[in-house]
Amino acid sequence: MMKKTIFLILGLLSTIAATSQIQLTQYYMDGTLYNPAMAGSKGAICSGLSGRQQWMNFTDPLGNHVSPRSIVFNISSPLYSINSGVGLNIIYDEAAFETNTGFKLNYVYRIPLQNEKNHLGLGIGLSVLNKVIRFDQLITEQQGDPLLKLNDRESGIIPDLDFGIIYQNAEKFNIAVSAVNLMESSAEIGNVRTGNNRQFYLLTDYRIKLSDSRRQSLVLIPSLFLKTNTQNSQMDISTRVEFNNRYWGGLSYRYQDAIAIIGGLNINGFRIGASYDISIGKLSVATPGSMEIFLGYCYSITPKVKLN
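Residues numbered from 1 in each chain as written. Predicted model: local features only at pLDDT ≥ 70, side-chain atom pairs only at ≥ 80, totals over all residues. Heavy atoms only, no water.

Observations concerning the overall build of the protein chain
Broken down by element type, the protein chain carries 1 helix and 17 strands. In the protein chain, which comprises 308 residues, the share counted as buried stands at 46%. Of all intrachain contacts in the protein chain linking residues separated by at least 6 positions in sequence, the fraction that spans at least 24 positions is 54%. Carbon and sulfur atoms make up 59% of the accessible area of the protein chain, which totals about 16200 Å². (Helix = DSSP H or I, 4+ residues; strand = E, 2+ residues; numbered from the N terminus. Buried < 20%, exposed > 50% of the residue type's maximum accessible area, 1.4 Å probe, protein only. Contact = heavy atoms within 4.5 Å. Areas by Shrake-Rupley, 256 points an atom, 1.4 Å probe, with all protein chains shown as cover.)

Below you can see the structure in the form of structure tokens.
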């Protein structure tokens, strides 16, 4: 019974805590975590730091806080001289008694289309995940199971590959498709084999100009984020309004999970965003919601002009 209980717990943790499956409501701020082809897509050297507290006040029967907490750092840049872009993701994720620390290197090759107004990007990412499970803190029905020869902590290294495609019109829309954890690598951690499931993502947004005067620019930006592993799917739909390319606010809906209030501002390249998810699913009786903060900076760079 003890072994069955641990397997059930680890199965839940693997679902919510794998590096590629970190839930971000403000996914539109930097999509490189989900698609390597988005590295350098903003035409600037951009860095960002996201912090998320998922399912606040979520506790186990002993009162321990076991809600997932995530920190993600991103940095990416275009390389105009070779029609490319590069990026780096550093991830720290903790859910219950499992901790994940990951690194991901991204590279994208861009193909200019239609007089360089549109671009097609093909990206690849190499990820390395260090997973640690604290078996000594798991709640079990009985102790001393001889089938589980475990230390207090067990860890494993899990490498993997990602692939992504993006079609981009910088002034109007983006559509990006990716597949992550292509190898579905795994590691044996404390007699339990755990790893990453292959995931597929679709991320798209469209910019609709409501007002384009010199003093007042108002843009409506609907976006869609679809996630699936072919067995389970999740969909985020958000709509935000951007004023003078400086302030934005709106709402987001995650199917059968949460409604989020989103907002932020952009001042001299510095970006600050915040979101609060109001739980509407089955977990609404156990947690009021989730909080997320984003801090970032973009330094615009342009390609050198070639004289004919």
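Next comes the rest of the write-up.
Notes on the packing of aromatic side chains
Geometrically, a pair of aromatic rings is defined through the distance of the ring centres and the angle of the planes. Applying the stated criterion across every chain, the model contains 8 aromatic pairs. Judged by centre distance (5.9 Å) and plane angle (35°), the ring pair of Tyr167 and Phe173 falls under tilted. Note on Phe173 and Tyr206: the rings are 6.2 Å apart at their centroids and 15° apart in plane angle, and the pair reads as stacked. Note that Phe173 is positioned in strand β7 (residues 173-180) and Tyr206 in strand β10 (residues 199-206), a separation of 33 residues in sequence. The partly exposed category is assigned to Tyr206, whose relative accessible area is 39%. In this arrangement the basic side chain of Arg240 is found over the ring face of Tyr28, its NZ or CZ atom lying 4.1 Å from the centre. (Phe/Tyr/Trp six-rings, centres within 6.5 Å; stacked < 30°, edge-to-face > 60°. Lys NZ or Arg CZ within 6 Å of the ring centre and 35° of its normal.)

Quick notes on the nonpolar core
Proteins that are soluble and globular tend to have nonpolar side chains buried together. Ile22, Tyr27, Tyr28, Leu33, Tyr34 and Phe225 are the most contacted members of the largest nonpolar core, which totals 16 residues. Of all hydrophobic cores here, the second largest spans 6 residues; its members include Ala37, Met38, Val108 and Ala176. (Core = buried A, V, L, I, M, F, W, Y, C linked by side-chain atoms within 4.5 Å.)

Quick notes on the state of the cysteines
Any covalent bond linking the sulfur atoms of two cysteines counts as a disulfide. Counted under the stated rule, the structure contains 1 disulfide. Two residues, Cys46 and Cys298, share a disulfide whose sulfurs are 2.0 Å apart. The disulfide joining Cys46 to Cys298 has a torsion of about 115° about its S-S bond and is therefore right-handed. Residue Cys46 is located in strand β1 (residues 44-53), and its partner Cys298 is located in strand β17 (residues 289-300); the two are separated by 252 residues in the primary sequence. Each member of the pair Cys46 and Cys298 is classed as buried. (Disulfide = S-S within 2.5 Å.)

Looking at the environment of Cys298
With relative accessibility at 18%, the residue Cys298 sits in the buried group. For the pair formed by Cys298 and Arg271, sequence separation is 27 residues and the distance between their alpha carbons is 8.0 Å. Among residues more than four places away in sequence, those in contact with Cys298 are Lys42, Ala44, Ile45, Cys46, Gly269 and Arg271.

Section: the pattern of salt bridges
Per the stated rule, a full pass over the model turns up 12 salt bridges. In this structure, Asp277 engages Arg52 in a salt bridge whose closest nitrogen and oxygen atoms are separated by 2.8 Å. Of the two residues, Asp277 is situated in strand β16 (residues 270-279) and Arg52 in strand β1; the sequence distance between them amounts to 225 residues. Relative accessible area serves as the criterion here: at 4%, Arg52 is assigned to the buried category. Salt bridges sharing partners connect three or more residues here, namely Arg52, Lys227, Asp236, Arg254, Asp257, Asp277 and Glu292. (Salt bridge = Lys/Arg side-chain N within 4 Å of Asp/Glu carboxyl O.)

Some thoughts on the environment of Ala170
With respect to the helices and strands, Ala170 occurs in the loop between β6 (153-169) and β7. By relative accessible area, Ala170 is classed as exposed at 62%.

Brief notes about unusual backbone geometry
Backbone geometry places Asn244, a non-glycine residue, at a positive phi of 55°. You can call Asn244 partly exposed: its relative accessible area is 32%. Of note, Asn268 is a non-glycine position whose phi angle comes to about 50°, a positive value. Locating Asn268 in the fold gives a position in the loop between β15 (258-267) and β16.

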